[in-house]
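# Topology and contacts: notes
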Amino acid sequence: MRTGNRTRPVLTSGPRTMLLLNPLRGILSARPQVLGLTRFSSSFVSRMRFLNRLKQEDEACAAALQDGQLVLFHRLQPLLQRGPTGTFRPVTLTCSGVQSLLQNFGSDGPLLEDSILIGCSEQNQAQFCLDVGHLDQAAVAEFCAGTFIDLRKSFFLLPGPAAQLVAKAQALLRWHQTNGFCSATGQPTHRNRAGSQRVCSSSSIIYYPKMSPVVIVLLSDGSRCLLGRQASFPRGMYSALAGFCDMGETLEETLHREVAEEVGLEVQDVSYSSSQHWPFPHSSFMLGCHATVSPAHTQLDVDRSELEDARWFTPEEISSALQAGVPPRGGRPPDVWLPPKHAVAHHLISEWSDRQRHLQASE
Ligand SMILES: NC(=O)C1=CN([C@@H]2O[C@H](COP(=O)(O)OP(=O)(O)OC[C@H]3O[C@@H](n4cnc5c(N)ncnc54)[C@H](O)[C@@H]3O)[C@@H](O)[C@H]2O)C=CC1
Ligand SMILES: [Mg+2]
């Protein structure tokens, strides 16, 4: 039965009933996976080896799906639900829950087997995602007592680990949706069970999901840090400088080049801080660094085709912008505000601010 003409009785069976009677917990199975492996503990090493095996062995992956959790997407928008404390979380369904959802909606599109492996929960359940974009969005959302929310919005509504999981899931779904054909032969590619690779049916070329490496750097002249904004950023938002790595470059070479191109400065010292998968607009692998320029050479020569503005900020300005946080939607934003907590840019700026505070305290 298609969603357009579904009838009420359909909605009284399947995952909806389970959700309403026992939200989330009722549809999650906490059984540990066995799958012919030694029954694994909850340790990190066991989980990683379990996941690695699922990527390599289709049968093991299919078995894990039967006991797994699924996060639903609709045309790349994740299905979220507001929890009892008011915070959002992804709706996670059991395999049988999704099966009955697909049956109830008479799905002739993606099947359960089209789901993609995205991780393993702390309770040792394999986690998968599935895009049901061929079904009626509102009807599926109602059926699952959730809401499909645009990824950018979801990313900032969810707590850190859930945001990263949903971003990873969307990145993998998008990659599969856009890599159905071999770029060498034009022939269809076929995925393995986990969705960790696609193979050309004609040439056997193997394709793996891709991220573009990006260096993001917080420049300091010792007493101030440099932030810039692109014309496309939300009004008033300033961030650390960022740029895609060119083929063949090291992290340091990209960093030196991007800073020279965008603000006309020569970098002295570079230190790595942290990294992040960034899903917007496509998958980037953000490599976060701190770098210094000589206090004698801080005059900016901003490339206006790349940046609308770039300026030096004092520790006091940064500290008050960090405290103010992200402005609420609607209304006039402040002249300067910083990327939200989930962004590696925020992390770099916070690290710099903390360091400045310690330096000032020790003087
Ligand atoms: N997570 C975070 O805290 C932040 C993330 N970012 C992300 O960093 C990324 C790169 O920053 P930009 O300043 O825009 O880079 P950029 O300074 O390299 O300029 C972007 C231009 O580089 C070219 N380019 C070269 N290789 C590319 C590739 N693999 N993919 C797309 N474009 C490529 C295109 O012409 C594009 O218009 C952006 O996608 C942005 O979303 C930026 C700031 C903060
Ligand atoms: Mg840039």
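Residues numbered from 1 in each chain as written. Chains lettered and ligands numbered in written order. Predicted model: local features only at pLDDT ≥ 70, side-chain atom pairs only at ≥ 80, totals over all residues. Heavy atoms only, no water.

What counts, and what does not: UniProt positions are given in the numbering used here, feature names are shortened, and annotations may be inferred rather than shown by experiment.
The name given to the protein chain in an unreviewed UniProt entry is NAD(+) diphosphatase, and the organism recorded there is Oryzias latipes. One UniProt comment on the protein chain, placed under Cofactor (unreviewed entry), says "Mg(2+)".

### Observations regarding the UniProt feature "domain: Nudix hydrolase" (unreviewed entry) in the protein chain
Our working rule: Helix and strand definitions follow DSSP, with helices as H or I runs of at least four residues and strands as E runs of at least two, each counted in order from the N terminus.
On the UniProt side, "domain: Nudix hydrolase" (unreviewed entry) is annotated at positions that read residues 209–340 here. Across residues 209–340, helical content stands at 17% and strand content at 31%; the span's end C-alpha atoms are separated by 27 Å.

### Quick look at the site of ligand 1
Cut-off, in case you're wondering: It suffices for a single heavy atom of a residue to lie within 4 Å of a molecule or strand for the residue to be listed as near it. Polar contacts, as counted here, are pairs of nitrogen or oxygen atoms within 3.5 Å of one another; within protein the pair requires one atom able to donate a hydrogen and one able to accept it, and residues that are adjacent in sequence qualify only if both atoms are side-chain atoms. Per-residue and other accessible areas follow the Shrake-Rupley method at a 1.4 Å probe size, with only the shown protein chains counted as cover for residues. Following the grouping adopted for this structure description, the nonpolar residues are Ala, Val, Leu, Ile, Met, Phe, Trp, Tyr, Cys and Pro, the charged ones are Asp, Glu, Lys and Arg, and the polar ones are all others, Gly among them.
Taken together, 19 residues surround ligand 1, and among them Gln230, Ala242, Phe244, Glu262 and Ala345 come closest. Here an oxygen atom of ligand 1 sits 3.0 Å away from a polar atom, N or O, in the main chain of Ala242. Glu258 places a side-chain nitrogen or oxygen 3.3 Å from an oxygen atom of ligand 1. For ligand 1, whose free accessible area comes to 850 Å², the fraction covered by protein is 63%. Listing elements by their share of the shell around ligand 1, those giving two or more residues are strand E11 (212–220), strand E13 (241–244), helix H9 (251–263), strand E14 (270–278) and helix H11 (344–362). Broken down by class, the residue content of the shell around ligand 1 amounts to eleven nonpolar, five polar and three charged.

### Regarding the nonpolar core
How we decide: The set of buried Ala, Val, Leu, Ile, Met, Phe, Trp, Tyr and Cys residues whose side-chain atoms join them within 4.5 Å is what this entry labels a nonpolar core. Each residue gets one of three labels from its accessible area relative to the maximum for its type: buried under 20%, exposed over 50%, partly exposed in between, using a 1.4 Å probe on protein chains only. Domain boundaries shown here were taken from an automatic or database domain assignment.
The biggest cluster of nonpolar side chains holds 40 residues, and the ones touching the most others in it are Leu218 and Leu227. Contributions of two or more residues to this core are made by strand E1 (69–74), strand E5 (116–120), helix H7 (151–157), helix H8 (160–177), E11, strand E12 (225–229), helix H10 (315–324) and H11. When residues of this core are assigned to domains, at least three fall in each of domain 1 (3–177) and domain 3 (212–362). Of all hydrophobic cores here, the second largest spans 32 residues; its members include Cys61, Cys95, Ala139 and Phe148.

### Regarding the domain arrangement of the protein chain
Applied cut-off: Contacts: residue pairs with any heavy atoms within 4.5 Å of one another. The term buried area refers to how much accessible surface (probe radius 1.4 Å) is lost by two components on association, counted for both of them together. The salt bridge criterion pairs a side-chain nitrogen of Lys or Arg with a carboxyl oxygen of Asp or Glu, the two atoms within 4 Å.
Domain boundaries assigned for the protein chain yield domain 1 (3–177), domain 2 (179–210) and domain 3 (212–362). On the domain 3 side, the residues contacting the 14 residues of domain 1 number eleven residues. Both faces considered, domain 1 and domain 3 share a buried interface measuring about 990 Å² in area, 67% of it formed by carbon and sulfur atoms. The largest per-residue losses of area from domain 1 upon contact with domain 3 belong to Arg152, Phe155 and Phe156, which jointly make up 42% of the total buried on that side. Between the two partners, domain 1 and domain 3, sit zero salt bridges. At the boundary of domain 1 with domain 3, the tally comes to two residue pairs in polar contact (both at pLDDT 80 or more). Mapped onto the side of domain 1 that touches domain 3, the elements with two or more residues apiece are H7 and H8. Take the side of domain 1 that touches domain 3: its biggest share by element is seven residues, from H8.

### Considering the coordination of the magnesium ion (ligand 2)
What counts, and what does not: Water is not part of the atom set, so a site may look incomplete; the donors themselves are N, O and S atoms within 2.8 Å of the metal, or 3.2 Å for Na, K and Ca.
The magnesium ion (ligand 2) binds to the protein through Ala242 (O) and Glu262 (OE); the donor distances cover 2.1 to 2.2 Å. Placement of Ala242 in strand E13 and of Glu262 in helix H9 is noted, with a sequence separation of 20 residues between them. Using a relative accessible area of 29% as the deciding quantity, one classes Ala242 as partly exposed. Assessed through its relative accessible area of 4%, Glu262 is described here as buried.

### Here's the deal with the side chain of Glu258
Among the structural elements, Glu258 can be located in helix H9. Here the side chain of Glu258 touches Arg257 through a polar contact of 3.0 Å, side chain to side chain. With sequence-adjacent residues up to four places away left out, Glu258 is seen in contact with Ala242, Gly243, Phe244 and Val263.

### Here's the deal with the environment of Leu111
In this structure, Leu111 sits in the loop between helix H5 (95–104) and E5. Since its relative accessible area comes to 46%, Leu111 is described here as partly exposed. Separated by 13 residues in the primary sequence, Leu111 and Val98 place their C-alpha atoms 9.3 Å from one another. In this structure, Leu111 is in contact with Leu102 and Leu130, ignoring residues within four places of it in sequence.

### A look at the sheet that holds strand E10 (residues 206–207)
By way of backbone hydrogen bonds, the strands of a sheet pair with one another, either parallel or antiparallel. Heads up, the condition is: Here a strand pair is declared whenever DSSP counts at least two bridges between the two strands.
Across the sheet, which stays open at both edges, the three strands sit in the order E8-E9-E10 with antiparallel pairing between neighbours. Edge positions in the sheet fall to strand E8 (189–191) and E10, since each of these pairs with one other strand and no more. As judged from the three bridges shared by E8 and strand E9 (residues 198–200), these two strands associate in the antiparallel manner. Along E9, the bridge assignment pairs Thr189 with Cys200.

### Here we look at the environment of Phe148
Of note, Phe148 is situated in strand E7 (residues 147–148). A relative accessible area of 8% means that Phe148 is categorised as buried. Residues Phe148 and Arg75 lie 73 residues apart in sequence; the distance between their C-alpha atoms is 9.3 Å. Leave out the neighbours within four places in its chain, and Phe148 touches Leu72, Phe73, His74, Gln77, Pro78, Leu79, Val132, Gln137, Val140 and Ala141.

### Topic: unusual backbone geometry
Phi is mostly negative for residues that are not glycine, and the peptide bonds are mostly trans. Look at the link from Phe280 to Pro281: it is a cis peptide, with omega at -15°. Its place among the elements puts Pro281 in the loop between E14 and strand E15 (284–292). Its identity as a non-glycine residue notwithstanding, Arg75 has a phi of 45°, on the positive side. In this fold, Arg75 is placed in the loop between E1 and strand E2 (77–82). Even without being a glycine, Asn124 presents a positive backbone phi close to 70°. With respect to the element layout, Asn124 can be found in the loop between E5 and strand E6 (126–131). On the basis of relative accessibility, which here comes to 7%, the residue Asn124 falls in the buried class.

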